[in-house]
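Each chain is listed here by its residues.
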Amino acid sequence: MKRKPGFLHIALNVLLVVCVVILSWTAAFYITGFLYSKVAWEPHDLLAFLINAMLGFFIFGLAISIAGPFVKRREHHYWSELIDALRRISRGDFRVNLDAGFGSAHNNQRQNHPYAQLVNSINDMAANLKVMEELRQEFISNVSHEIGSPLTSISGFAKALKNENLDRERRQRYLTIIETECLRLSKLSDNLMKLAVLDSERHPFKPMPYRLDKQLIALILTCEPQWEAKKIEMDVDVEEVEVVADEDLMSQVWVNLIHNAIKFTPYSGKISVVLTRSEDQAMIRVADTGPGIAEKDQLRIFERFYKADKSRERASGGSGLGLSIASKITEMHHGSISVSSKLGEGAEFKVLLPLNVR
């Protein structure tokens, strides 16, 4: 039979109480024996037993009443620490690390004690909330920066347009810049809304069977004006693969990867899109001949608002949210997305997607 956690601790407490009772009755036996000898009286055995029992319980109660305040004071100290920690957490101070040293001196027994489990849970909660708060602060900082930059540009060029001496060509250029920055803000707002909906899991998730190869080809043809304008060689090799997934959501993944490949592939470069089937999953690879991605940036490329260094200029004009959205959607489909690249040798994004997510 498997013993519950803390069984040994409970057994030791019971044994301690029994020992105290035995010591109390033993003390009562010798005390009454001493008193009987002084008054030269030998009571009946039953009466002597009752007197010893009553005196033993009295000594036991006296010992408990003496030790009780110390135990209560110790427990009060621990509970005061818990309450103070919870108050600090409620005020937004997550630098909480309580000591779970309660009860037995043995570490295993301390860990099994309910108080220790409660303390560990509070410590874990505080640590998780601290991480979330840091991410929230970083998110707000990034959003403020992404919004502030185009707003500053719009404000500056709007003031410049007030100059009545501006020639028509310069005025049109300023208006084009303002329009571009407004579109950038609109796209940022749209991406933030998409992430908020995806995070809240309120987005309707409707996996249906469809041909993945046809979807990829259709999206590539939709982008034909962009890659034709840069004389990019588009190499497409797709197998006939049917998946059960949310077609609308997955299209956002492919559009993001294809647009990034077009954006960062140089004039007369090459992009390859490959779709293969392996057992119960589909593998999609989108590779380009762009500037590549540094190894240190590959570890964080799917983080929100993360932009790599300027040497590869991979995130020019973007907000750093596209790959985060792609990663989130792939995760919703129980798939994975990864990148492999070397500076100057292009980049390849690989998506593994289960054939059936139902």
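One can find the structure itself at the top, above this paragraph.
(A) Highlighting the overall build of the protein chain. Broken down by element type, the protein chain carries 10 helices and seven strands. Looking at the 358 residues of the protein chain, the share that counts as buried comes to 35%. Excluding contacts between residues fewer than 6 apart, the proportion of contacts in the protein chain whose partners are at least 24 apart in sequence is 70%. Taken as a whole, the protein chain presents about 22800 Å² of accessible surface, with 58% of it coming from carbon and sulfur.

(B) Structural detail: helix H10 (residues 322–332). Taken together, the buried positions of H10 are Leu-323, Ser-324, Ile-325, Ala-326, Lys-328, Ile-329 and Thr-330. Two residues or fewer after H10 comes His-334, characterised by a positive phi angle close to 60 degrees.

(C) Quick peek at the side chain of Asn-256. Looking at the secondary structure, you find Asn-256 in helix H8 (residues 247–264). On the accessibility criterion, Asn-256 (16% relative accessible area) is buried. Those residues in contact with Asn-256 that lie beyond four places of it in its chain are Gly-322 and Leu-323.

(D) Spotlight on the environment of Arg-277. With respect to the secondary-structure elements, Arg-277 resides in strand E4 (residues 270–278). Through-space distance from the C-alpha of Arg-277 to that of Leu-352 is 9.7 Å; in sequence the pair is 75 residues apart. Not counting residues up to four positions away in its chain, the partners in contact with Arg-277 are Glu-239, Val-241 and Leu-355.

(E) Quick look at unusual backbone geometry. For Lys-231, which is not a glycine, the phi torsion comes out positive at approximately 55 degrees. With respect to the helices and strands, Lys-231 occurs in the loop between helix H7 (224–229) and strand E2 (233–238). The backbone of His-334 shows a phi angle near 60 degrees, a positive value even though the residue is not glycine. When you line up the elements, His-334 lands in the loop between H10 and strand E6 (336–341).

(F) Fine view of the nonpolar core. Core analysis: the largest hydrophobic core is formed by 45 residues, its most contacted members being Leu-212, Val-243, Trp-254, Leu-257 and Ile-284. If sequence neighbours within four positions are ignored, Val-243 has contacts with Met-208, Pro-209, Tyr-210, Leu-212, Ala-282, Leu-353 and Leu-355. Within the second largest apolar cluster, nine residues are counted, among which are Leu-82, Val-96, Leu-98 and Val-119.

(G) A look at helix H6 (residues 212–222). Looking at H6, one finds that the buried residues are Leu-212, Asp-213, Gln-215, Leu-216, Leu-219 and Ile-220. Projected onto a plane normal to the axis of H6, the buried residues spread over an arc of 160 degrees and lie on a single side. For H6, exposure combined with an orientation more than 90 degrees from the buried face picks out Lys-214 and Thr-222.

(H) How the structure looks around the packing of aromatic side chains. Summed over the entire model, instances satisfying the criterion amount to two aromatic pairs. The interplanar angle of 50 degrees and the centroid separation of 4.9 Å between the aromatic rings of Phe-157 and Tyr-174 together place this pair among those described as tilted. Of this pair, Phe-157 sits in helix H4 (residues 114–161) while Tyr-174 sits in helix H5 (residues 168–200), placing them 17 residues apart in sequence. Under the relative-accessibility criterion, Tyr-174 is labelled buried at 13%.

Criteria and cut-off values
- Residues numbered from 1 in each chain as written.
- Predicted model: local features only at pLDDT ≥ 70, side-chain atom pairs only at ≥ 80, totals over all residues.
- Heavy atoms only, no water.
- Helix = DSSP H or I, 4+ residues; strand = E, 2+ residues; numbered from the N terminus.
- Buried < 20%, exposed > 50% of the residue type's maximum accessible area, 1.4 Å probe, protein only.
- Contact = heavy atoms within 4.5 Å.
- Areas by Shrake-Rupley, 256 points an atom, 1.4 Å probe, with all protein chains shown as cover.
- Core = buried A, V, L, I, M, F, W, Y, C linked by side-chain atoms within 4.5 Å.
- Arc of directions from axis to C-beta.
- Phe/Tyr/Trp six-rings, centres within 6.5 Å; stacked < 30°, edge-to-face > 60°.

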